[in-house]
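Examining the three-dimensional arrangement
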Amino acid sequence: MRYLILLGLLISPSLWADSIAHYQDRRNAYVGGSLMAMKLEYDDGAVNPAGVNVRLGGMLDEHWGVELRAGIGPSPDTWRGNNGRKVDYTLDHVGALLLTGRLPFKSPIALPRVDSLFVQGFAGLADTKVKTDRRYCNAGVCRSDVERNDDTTFAWGVGAGLRTEYNIGLTLQYMHYTTREYIDITSVEGGLEWYF
């Protein structure tokens, strides 16, 4: 019996080595960029600034990988309150280190030049910095107050995408970057990936 187990252990690597070698021959690292439609919810209101990010990642195997992303929201969005109160919110930066799980599948209908479709999930840490510029005008006198909130919190997200035969991919993702008592940052992101 011991010899059968030993023989099985000696033969088994040859059975699964081909699938690992086949995966390692594929291009499994990627660089990408996304347009972000964000929602910043503060105590005194919610705004929807836009932003961009760049992503660098790699798949360790067919299902698991790591991704690093950095983004900015260069254009502020304004919230207007009562009594001449005006608040501009700007996303100074968002950075995240994420573990990603990906489930690839073939399309049930033939799509030209599409290698595979996939759904994926993200979990990790995100660092965000939001600049808040409050302006108050009362009786012709205006004053301004600027503050920056820097938070590092747990981040998560879900997404779907496709990979073409040309090693180009398209993605659509929902990310939840920050959840605090005073701020909540979510984003819907459409992106392009190049596998190398």
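Our subject is the structure that appears above.
The residue numbers shown here count from 1 along each chain, following its written sequence. Only residues with pLDDT of at least 70 get local features here, since the model is predicted, and only at 80 or more are side-chain atom pairs given and counted; chain-wide, interface and lining totals rely on the full set of residues. Water and hydrogen atoms were dropped before computing side-chain values, which therefore reflect all heavy atoms in the structure.

A word on the overall build of the protein chain. Secondary structure elements are defined from DSSP: runs of H or I of at least 4 residues count as helices, runs of E of at least 2 residues count as strands, and each element is numbered from the N terminus. Each helix and strand counted, the protein chain has one helix and nine strands in total. Of all 196 residues assigned to the protein chain, the portion counted as buried reaches 38%. Areas reported as accessible are Shrake-Rupley estimates using a 1.4 Å probe. Residue values count occlusion only from the protein chains shown. Taken as a whole, the protein chain presents about 11,500 Å² of accessible surface, with 63% of it coming from carbon and sulfur. When a residue's accessible area, from a 1.4 Å probe over protein chains only, is under 20% of the maximum for its type it is buried; when over 50% it is exposed; and in between it is partly exposed.

This brings us to the pairing of strand S7 (residues 141–164). Strand pairing is assigned whenever DSSP identifies at least 2 bridges connecting the two strands. Relative to S7, strand S6 (residues 114–138) runs antiparallel, the two sharing 24 bridges. Bridging across to S7, Val-130 finds its partner in Asn-149. Linking two consecutive strands that pair antiparallel, namely S6 and S7, is a turn of two residues; a positive phi of about 55° is found at Ala-139 within it. Pairing analysis gives eight bridges linking S7 to strand S8 (residues 168–179), with the strands arranged antiparallel. In the sheet register, Val-158 faces S8, and the bridge partner there is Tyr-174. Here S7 folds back onto S8, and the loop between the two strands holds three residues, one of which, Asn-167, carries a positive phi near 60°.

Let us now look at the pattern of salt bridges. Each salt bridge in this description consists of a side-chain nitrogen of Lys or Arg and a carboxyl oxygen of Asp or Glu lying within 4 Å of one another. Evaluation of the coordinates by the stated rule reveals eight salt bridges. With a shortest N-O distance of 3.6 Å, Glu-67 and Arg-55 are connected by a salt bridge. Here Arg-55 lies in strand S3 (residues 50–59) and Glu-67 lies in strand S4 (residues 64–80), a separation of 12 residues in the sequence. For Glu-67, a relative accessible area of 0% gives the class buried. The partner of Arg-148 in a salt bridge is Asp-92, and the shortest N-O contact between them spans 3.2 Å. A residue pair is termed long-range when its members are at least 10 positions apart, and Arg-148 in strand S7 and Asp-92 in strand S5 (residues 86–105) qualify at 56 residues. Residue classification places Asp-92 among the partly exposed residues on the basis of a relative accessible area of 26%.

Of the pairings in the sheet, the one linking S8 to strand S9 (residues 183–195) comprises 11 bridges and is antiparallel in character. Paired with Met-175 across the bridge in S9 is Ser-187. As consecutive antiparallel partners, S8 and S9 are separated by three residues.

Before going further, it helps to spend a moment on the environment of Lys-131. Relative to the helices and strands, Lys-131 is located in strand S6. Using a relative accessible area of 27% as the deciding quantity, one classes Lys-131 as partly exposed. Distance from Lys-131 to Arg-148, taken between C-alpha atoms, is 4.4 Å for residues 17 residues apart in sequence. Should any heavy atoms of two residues lie within 4.5 Å, those residues are considered in contact. Sequence-distant contacts of Lys-131, that is, excluding residues within four places in its chain, are made with Asp-88, Tyr-89, Thr-90, Asp-92, Val-146, Glu-147 and Arg-148.

Next up on the list: the packing of aromatic side chains. By convention, a stacked pair of Phe, Tyr or Trp rings (six-membered ring in the case of Trp) has centres within 6.5 Å and planes under 30 degrees apart, an edge-to-face pair has planes over 60 apart, and any other such pair is tilted. Taken as a whole, this structure holds three aromatic pairs when the rule is applied. A centroid spacing of 5.8 Å and a plane angle of 55° characterise the contact between Trp-156 and Tyr-174, whose relative ring orientation is tilted. Taken as a pair, Trp-156 in strand S7 and Tyr-174 in strand S8 lie far apart in primary sequence, 18 residues in all. Under the relative-accessibility criterion, Trp-156 is labelled partly exposed at 35%. On the basis of relative accessible area, Tyr-174 is assigned to the partly exposed category, the value being 31%. Two limits define a charge over a ring: the Lys NZ or Arg CZ must be within 6 Å of the ring centre, and within 35 degrees of the ring normal. Directly above the aromatic system of Phe-122 lies the positively charged group of Arg-69, at a separation of 5.2 Å from the ring centroid.

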